[in-house]
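Results of the structural survey
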Amino acid sequence: QLQLVESGGGLVQPGGSLRLSCVASGLSLRNYGIAWHRQAPGKEREGLACISGSGIKTSYADSVKGRFTISRDDAKNTAYLQMNNLKSDDTAVYYCAADQSGWCNGMDFWGKGTLVTVSS
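Parameters at a glance
- Residues numbered from 1 in each chain as written.
- Predicted model: local features only at pLDDT ≥ 70, side-chain atom pairs only at ≥ 80, totals over all residues.
- Heavy atoms only, no water.
- Core = buried A, V, L, I, M, F, W, Y, C linked by side-chain atoms within 4.5 Å.
- Buried < 20%, exposed > 50% of the residue type's maximum accessible area, 1.4 Å probe, protein only.
- Helix = DSSP H or I, 4+ residues; strand = E, 2+ residues; numbered from the N terminus.
- Pairing = 2+ DSSP bridges.
- Disulfide = S-S within 2.5 Å.

Things to note about the nonpolar core
Of all hydrophobic cores here, the largest spans 30 residues; its most connected members are Leu4, Leu81, Met83 and Tyr94. Of all the secondary structure elements, the ones that give two or more residues to this core are strand E3 (18–25), strand E4 (33–39), strand E5 (46–51), strand E7 (68–73), strand E8 (78–83), strand E9 (92–99) and strand E11 (114–118). Formed by five residues, the second largest nonpolar core is a distinct cluster that contains Cys50, Ala97, Cys104 and Met107.

Next comes the structure, spelled out in C-alpha coordinates:
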(Lines give C-alpha, C1' and ligand atoms only; values in the text may rest on other atoms or scores of the structure.)
Protein backbone atom coordinates (compact mmCIF):
# COMPACT_ATOMS: atom_id res chain seq x y z
CA GLN A 1 0.00 0.00 0.00
CA LEU A 2 0.95 3.65 0.01
CA GLN A 3 3.95 4.53 2.15
CA LEU A 4 5.09 8.04 2.98
CA VAL A 5 8.53 9.13 4.14
CA GLU A 6 9.27 12.67 5.29
CA SER A 7 12.68 14.30 5.12
CA GLY A 8 14.28 17.72 5.31
CA GLY A 9 13.89 18.46 8.99
CA GLY A 10 16.69 19.84 11.07
CA LEU A 11 17.89 22.77 13.13
CA VAL A 12 17.26 26.28 11.82
CA GLN A 13 17.45 29.75 13.33
CA PRO A 14 14.38 31.91 13.89
CA GLY A 15 13.56 33.71 10.67
CA GLY A 16 15.13 30.96 8.61
CA SER A 17 13.62 28.67 6.02
CA LEU A 18 13.35 24.96 5.47
CA ARG A 19 11.74 22.73 2.87
CA LEU A 20 10.28 19.40 3.89
CA SER A 21 9.73 16.57 1.43
CA CYS A 22 7.30 13.68 1.51
CA VAL A 23 8.15 10.84 -0.85
CA ALA A 24 5.47 8.28 -1.60
CA SER A 25 6.06 4.69 -2.62
CA GLY A 26 3.96 1.61 -3.23
CA LEU A 27 1.26 3.57 -5.00
CA SER A 28 1.01 6.72 -7.02
CA LEU A 29 0.23 9.86 -5.07
CA ARG A 30 -1.72 11.19 -8.01
CA ASN A 31 -5.28 12.22 -7.11
CA TYR A 32 -4.68 11.88 -3.36
CA GLY A 33 -5.20 14.87 -1.17
CA ILE A 34 -2.03 15.61 0.82
CA ALA A 35 -1.75 17.27 4.19
CA TRP A 36 1.03 18.40 6.48
CA HIS A 37 0.50 18.21 10.22
CA ARG A 38 2.77 18.81 13.16
CA GLN A 39 2.94 17.87 16.80
CA ALA A 40 4.95 19.79 19.36
CA PRO A 41 5.87 18.28 22.74
CA GLY A 42 2.89 18.31 25.07
CA LYS A 43 0.52 19.54 22.38
CA GLU A 44 -2.11 18.01 20.14
CA ARG A 45 -1.42 17.27 16.51
CA GLU A 46 -2.15 20.34 14.42
CA GLY A 47 -3.19 20.40 10.79
CA LEU A 48 -1.16 22.94 8.83
CA ALA A 49 -1.87 22.67 5.14
CA CYS A 50 -3.75 20.70 2.53
CA ILE A 51 -3.41 20.40 -1.21
CA SER A 52 -6.03 18.81 -3.41
CA GLY A 53 -5.39 15.81 -5.63
CA SER A 54 -5.38 18.10 -8.63
CA GLY A 55 -2.84 20.40 -7.00
CA ILE A 56 -5.05 23.40 -7.66
CA LYS A 57 -6.68 23.95 -4.29
CA THR A 58 -4.77 24.63 -1.09
CA SER A 59 -5.73 25.47 2.46
CA TYR A 60 -3.67 26.65 5.44
CA ALA A 61 -4.02 26.99 9.16
CA ASP A 62 -3.92 30.55 10.44
CA SER A 63 -0.76 29.78 12.39
CA VAL A 64 1.24 29.23 9.19
CA LYS A 65 -0.69 31.18 6.58
CA GLY A 66 1.60 33.46 4.62
CA ARG A 67 4.72 31.64 5.80
CA PHE A 68 4.27 28.03 4.67
CA THR A 69 3.50 26.75 1.19
CA ILE A 70 2.37 23.25 0.30
CA SER A 71 3.05 21.85 -3.15
CA ARG A 72 3.26 18.56 -5.00
CA ASP A 73 5.11 17.02 -7.92
CA ASP A 74 3.23 13.94 -9.04
CA ALA A 75 5.94 13.03 -11.56
CA LYS A 76 8.27 12.57 -8.58
CA ASN A 77 5.55 11.14 -6.34
CA THR A 78 6.51 13.79 -3.82
CA ALA A 79 4.87 16.53 -1.79
CA TYR A 80 6.61 19.48 -0.18
CA LEU A 81 6.19 21.99 2.58
CA GLN A 82 8.18 25.18 2.15
CA MET A 83 8.54 26.90 5.51
CA ASN A 84 9.69 30.51 5.69
CA ASN A 85 10.14 32.98 8.53
CA LEU A 86 10.30 30.15 11.02
CA LYS A 87 9.56 30.82 14.67
CA SER A 88 10.42 28.97 17.84
CA ASP A 89 6.79 27.89 18.10
CA ASP A 90 7.21 26.01 14.82
CA THR A 91 9.40 23.46 16.57
CA ALA A 92 7.65 20.12 16.21
CA VAL A 93 7.62 16.79 14.47
CA TYR A 94 6.13 17.31 11.02
CA TYR A 95 4.06 14.63 9.33
CA CYS A 96 2.68 14.25 5.85
CA ALA A 97 -0.49 12.32 5.13
CA ALA A 98 -2.52 11.26 2.11
CA ASP A 99 -6.26 11.02 1.64
CA GLN A 100 -8.00 8.95 -1.03
CA SER A 101 -10.88 11.40 -1.18
CA GLY A 102 -8.70 13.90 -3.02
CA TRP A 103 -8.89 16.43 -0.21
CA CYS A 104 -7.92 16.42 3.45
CA ASN A 105 -10.49 14.65 5.55
CA GLY A 106 -9.63 11.83 7.95
CA MET A 107 -6.38 10.99 6.12
CA ASP A 108 -5.71 7.37 5.12
CA PHE A 109 -1.92 7.13 5.15
CA TRP A 110 0.70 8.76 7.35
CA GLY A 111 4.45 9.12 7.41
CA LYS A 112 6.55 8.72 10.53
CA GLY A 113 7.53 12.36 10.74
CA THR A 114 10.60 14.56 10.58
CA LEU A 115 11.78 16.82 13.39
CA VAL A 116 12.09 20.56 12.88
CA THR A 117 13.82 22.56 15.59
CA VAL A 118 13.82 26.35 15.42
CA SER A 119 16.31 27.81 17.85
CA SER A 120 19.18 30.25 18.16
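What to know about the pairing of E9
Two faces make up the sheet, and in a regular strand the side chains alternate between them. Among the eight residues in E9, seven count as buried, and that is most of the element. In the sheet, E4 pairs with E9 via seven bridges, with the strands oriented antiparallel. From the neighbouring strand, Gln39 faces E9, where its bridge partner is Val93. When E9 meets E11, the two strands line up antiparallel, connected through three bridges. Bridge pairing links Val93 to Leu115 in E11.

Quick notes on the state of the cysteines
Counted under the stated rule, the structure contains two disulfides. Cys22 shares a disulfide with Cys96; S-S distance 1.9 Å. Taking the sign of the S-S torsion, about 60 degrees here, the bridge from Cys22 to Cys96 comes out right-handed. Of the two residues, Cys22 is situated in strand E3 and Cys96 in strand E9; the sequence distance between them amounts to 74 residues. The partner cysteine of Cys50 in its disulfide is Cys104, sulfur to sulfur 1.9 Å. Torsion about the S-S bond of the Cys50 and Cys104 cystine: about 95 degrees, corresponding to right-handed handedness. Within this pair, whereas Cys50 is found in strand E5, its partner Cys104 is found in the loop between E9 and strand E10 (109–110), the two being separated by 54 residues in sequence.

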